[in-house]
Amino acid sequence: MIHAIKGTRDILPPSSTTWNRVEAVARRIFANYNYQEIRTPIFEETALFARGVGEETDIVSKEMYTWEDRDGTSLTLRPENTASVIRAYIEHRMDQIPGPKKLYYMGPMFRRERPQKGRYRQFFQIGSEVIGSESPATDAEVIEMVVAILTGCGVKDIHLIINSVGCKECRPGFNAALKEQLQSIKQHLCENCQRRAETNPLRVLDCKVPADQPYVEKLPSILDHLCQNCTNHFATVRQFLDDRQIGYEVRPRLVRGLDYYTRTTFEIVHGALGAQSSVMGGGRYDGLAESLGSKISSPGIGFSIGEDRLVMILEETGAAEPVSLDLYIAPMGDAALRHAGILARDLRLQQVSVEVGEGKLKRLMELANKANAKHTLILGDNEITAGTYALKNMTSGEQRSMTRSELVDHLTAKN
Ligand SMILES: [Zn+2]
Ligand SMILES: [Zn+2]
């Protein structure tokens, strides 16, 4: 017997309903903020991610699914979508269209991570990118929108963390200060940090190894090294968030896992998942488009929500709505089955969800309960001849006799 590959899974009903609902909420909110969808291929040339995500990141150095195509090209399953969106933006000359481009995406990403609770090798992200604006107003709007999506889906207790990681003017100075301090303490740090102390000192701040924390906490803060422009930018983002009464914590260690971030970075964590409970992460990436070949400056900002974890939170906190059916029809006999088929077709055309059962009454009532039917209708020869229906409300237990048109009105009014 063949099983799904380790780290992948089937999303089955009723969970798939929660997935659909989350995606519908996100699409509606994206539309409210004037975003449009972009769909990029699931695989790209490996060089795109090596350049766009950064060679030194865990993603590129050890987690990508990479293979050589028949013509020798190195291809990779997308481990994230920002690099692909920027590639598409440059390739289709979207920089020529006036105004910032506001794009969203949803779909599977692939990383060969160690499987653990809430982490999969094929996982799903809902994300967005705004390209062509460096305004702090954009940052605040993006953060406001992602909070709206998560709360709109039913997530409670969200905790927003923000930071600024500086720009190409001020980060080298911070990196140098960090590197210098790391020289004296790096023998106490984990193997990864010892390597990063040389190659990418900023990433040491990201280390989750408990034994490293007392040392990492004493490292310099990036907020003390921001240039004037970055300081002003961050202060304005904060002011705009304050204006909207969006609560946040400033955490100077929030540098995020990807190399391309500049200035604003942000993350939302949720309590139900423990310490490493990030459900969404994002940030500004002002130089990314240029590093991928854009001739003109295209500053941008984006985020991605981990949809697997979002759905898990909704299911664990009881915020996942149960699937329900408007009407379950139990036809008794052949004539009733024919009649039920036509009635069901007419109701479905009016957006009423209907199931028609077949078999013994007792079993059909069990199935109606399983389906969480709001109403049931037992249909026999008497009802057909008289033209009246006995509709039972499954919540109240009340049964009412009604004509066909009363039945249609009653069921469509409920929707
Ligand atoms: Zn700066
Ligand atoms: Zn470490």
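Residues numbered from 1 in each chain as written. Chains lettered and ligands numbered in written order. Predicted model: local features only at pLDDT ≥ 70, side-chain atom pairs only at ≥ 80, totals over all residues. Heavy atoms only, no water.

> How would you summarise the domain arrangement of the chain if you had to cite specific residues and measurements?
Along its sequence, the chain is organised into domain 1 (15-170 + 226-316) and domain 2 (325-413). Computed from C-alpha coordinates alone, the two centres of domain 1 and domain 2 are separated by 47 Å. (Domains from an automatic or database assignment.)

> Outline the packing of helix 1 (residues 15-32) against helix 5 (residues 136-153), supporting the account with residue identities and numerical values.
The geometry of helix 1 relative to helix 5 is characterised by a closest axis approach of 9 Å and an angle of 145° between their N-to-C directions. In this structure, helix 1 crosses over helix 5, and the sense of that crossing is right-handed. Every residue of helix 5 that contacts helix 1 at Arg 21, Val 22, Val 25, Ala 26, Ile 29 and Phe 30 is listed here: Met 145, Ala 148, Ile 149, Gly 152 and Cys 153. The residue makeup of the contact of helix 1 with helix 5, split by class, is nine nonpolar, one polar and one charged. (Axes fitted to C-alpha atoms, helices over the stretch in contact; angles between N-to-C directions. Helix = DSSP H or I, 4+ residues; strand = E, 2+ residues; numbered from the N terminus. Left-handed = near helix turned anticlockwise from the far one by under 90°. Contact = heavy atoms within 4.5 Å. Nonpolar A, V, L, I, M, F, W, Y, C, P; charged D, E, K, R; others polar.)

> Could you give an account of the packing of aromatic side chains, with specific residues and numbers?
Summed over all chains, the structure comprises five aromatic pairs. Judged by centre distance (4.3 Å) and plane angle (10°), the ring pair of Phe 30 and Tyr 104 falls under stacked. In this pair, Phe 30 is assigned in helix 1 and Tyr 104 in strand 5 (residues 101-110), connecting sequence segments 74 residues apart. Phe 30 sits in the buried class, given a relative accessible area of 0%. Owing to a relative accessible area of 7%, Tyr 104 belongs among the buried residues under this scheme. With a centroid separation of 6.4 Å and 15° between ring planes, the pair formed by Phe 30 and Phe 303 is classed as stacked. Of the two residues, Phe 30 sits in helix 1 while Phe 303 sits in strand 11 (residues 300-306), which places them 273 residues apart along the sequence. Joined through ring pairs, the aromatic side chains of Phe 30, Tyr 35, Tyr 104 and Phe 303 make up one cluster. Positioned above the aromatic ring of Tyr 120, the side-chain terminus of Arg 9 is 4.0 Å from the ring centre. (Phe/Tyr/Trp six-rings, centres within 6.5 Å; stacked < 30°, edge-to-face > 60°. Buried < 20%, exposed > 50% of the residue type's maximum accessible area, 1.4 Å probe, protein only. Lys NZ or Arg CZ within 6 Å of the ring centre and 35° of its normal.)

> An account of the pattern of salt bridges is needed here, citing residue identities and associated values.
Should their charged atoms come close, side chains of opposite charge can pair. Counted according to the given criterion, the structure contains 21 salt bridges. Measuring nitrogen to oxygen at the nearest pair gives 3.7 Å for the salt bridge that ties Asp 58 to Lys 62. With Asp 58 and Lys 62 both in helix 3 (residues 58-63), this residue pair falls four residues apart, about one helical turn. As a salt-bridge pair, Asp 95 and Arg 93 come within 4.0 Å of each other at their nearest N and O atoms. Taking the relative accessible area as the measure of exposure, Arg 93 reaches 49% and is therefore partly exposed. Via salt bridges that share partners, Arg 27, Glu 37 and Arg 39 belong to a single interconnected network. (Salt bridge = Lys/Arg side-chain N within 4 Å of Asp/Glu carboxyl O.)

> I'd love a proper account of the sheet that holds strand 2 (residues 43-45), names of residues and values included.
Overall, antiparallel pairing links the three strands, which are arranged 2-4-3 in an open sheet. Of all strands in the sheet, those bounded by a partner on one side alone are strand 2 and strand 3 (66-68). The average undirected angle you get between the axes of adjacent strands in this sheet is 35°. Across three bridges, the pairing between strand 3 and strand 4 (residues 74-77) is antiparallel. Bridge pairing links Trp 67 to Leu 75 in strand 4. Contacting strand 2, strand 3 and strand 4, helix 2 (residues 46-53) runs over the sheet at an angle of about 80° to strand 2. (Pairing = 2+ DSSP bridges.)

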